[in-house]
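For reference, the chains in residue letters:
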Amino acid sequence: ADAEVVALAIASLQAAGVEKFKIALGHVGFLNGLFQETLEGRTDAQLSLKEHLLSRDYVGYREAIKTLSLAPDVERELNGVLRLRGGDEICEQARMVSQHPIAQDAIRHLCEVWDVLKAYGVSEHVVIDLTMIGDFSYYTGMTFEGYAAELGFPVCSGGRYDNLLSQFGRPAPATGFALKTNRILEVTGK
């Protein structure tokens, strides 16, 4: 279902006339597992690093790591996350970064999504970005954002949010996305 939602987002952007775009695909479980493994019990440090990644403040992320007084190998591991962006080669690289079960499950799932997108013939529009955590606390798994070549802001975003519907009295797993129509209009000039 996660792969189908991403494929539908790609088809929607194409139908709207967005010609050049990339979908950045991430998973909240990867960073959660990695941070639990490397920063166990340090909730404030984990939140700080997530905030830097959420705002795409990679310099601030690196600086925050320096202030944590970590072992050099842990510091290298946390800084190495910033290089986990690309195609399916990221799947194997990420498996080597963290052995935490949550991180490993996240990578397995994300790579399965990639394989389905490849089978659908749309993987050329997708990049795996393990620094992407999504800007809503309700995401529980895979997240994604679509960026048009002509615009520095997302034109679509979505992901898995299995706990959201229970807040409305109807618990059910869910995945979906939203198109940013005003931004799409800026790109297409329509």
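For clarity, every value in this text was computed on a predicted model and none was experimentally measured.

This part takes up the pattern of salt bridges. The full count for this structure, using the stated rule, is seven salt bridges. Asp 2 is paired through a salt bridge with Arg 160; the nearest N and O atoms lie 3.0 Å apart. Taken as a pair, Asp 2 in helix α1 (residues 2–15) and Arg 160 in strand β5 (residues 154–160) lie far apart in primary sequence, 158 residues in all. The same class applies to Asp 2 and to Arg 160, which are both buried. Of the charged contacts in the structure, one is a salt bridge between Asp 162 and Arg 160, with a shortest N-O distance of 2.7 Å. We classify Asp 162 as partly exposed; its relative accessible area is 27%. We classify Arg 160 as buried; its relative accessible area is 16%. Residues joined by salt bridges that share partners form a network here, namely Asp 2, Arg 160 and Asp 162.

Residues of helix α4 (residues 58–66) that are buried include every one of Gly 60, Tyr 61, Ala 64 and Ile 65, and no others. On an axial view of α4, the arc spanned by its buried residues comes to 140 degrees, and they lie on one face. Along α4, the residues that are exposed and aim more than 90 degrees away from the buried face are Val 59 and Lys 66. Those residues of α4 that are buried are in contact with α2 (28–38), α3 (43–54) and α5 (72–80).

Here six strands make up an open sheet; going across it, the order is β2-β3-β1-β4-β5-β6 and the pairing mixed. With partners counted over all chains shown, the strands left at the sheet margins are β2 (85–86) and β6 (175–179), one partner each. As paired elements, strand β4 (residues 142–148) and β5 share five bridges and run antiparallel to each other. Each residue of the ladder has a partner; that of Tyr 147, found in β5, is Pro 154. Contacts from helix α7 (residues 101–120) reach β1 (21–27), β3 (126–129) and β4 within the one sheet, and its direction differs from that of β1 by about 150 degrees.

Turning our attention to the packing of α2 against α5. Two quantities define a packed helix pair, namely the angle between the helix axes and the distance between the axes. It is the contact of α2 with α5, at a shortest axis distance of 11 Å, that shows an interaxial angle of 170 degrees. Relative to α5, the element α2 is oriented roughly antiparallel. Contacts from Leu 34, Phe 35, Glu 37 and Thr 38 of α2 reach α5 at Val 74, Glu 77 and Leu 78. For the contact of α2 with α5, the per-class residue count stands at four nonpolar, one polar and two charged.

The rules behind each value
- Residues numbered from 1 in each chain as written.
- Predicted model: local features only at pLDDT ≥ 70, side-chain atom pairs only at ≥ 80, totals over all residues.
- Heavy atoms only, no water.
- Salt bridge = Lys/Arg side-chain N within 4 Å of Asp/Glu carboxyl O.
- Helix = DSSP H or I, 4+ residues; strand = E, 2+ residues; numbered from the N terminus.
- Buried < 20%, exposed > 50% of the residue type's maximum accessible area, 1.4 Å probe, protein only.
- Arc of directions from axis to C-beta.
- Contact = heavy atoms within 4.5 Å.
- Pairing = 2+ DSSP bridges.
- Axes fitted to C-alpha atoms, helices over the stretch in contact; angles between N-to-C directions.
- Parallel < 35°, antiparallel > 145°, perpendicular 65-115°, else oblique.
- Nonpolar A, V, L, I, M, F, W, Y, C, P; charged D, E, K, R; others polar.

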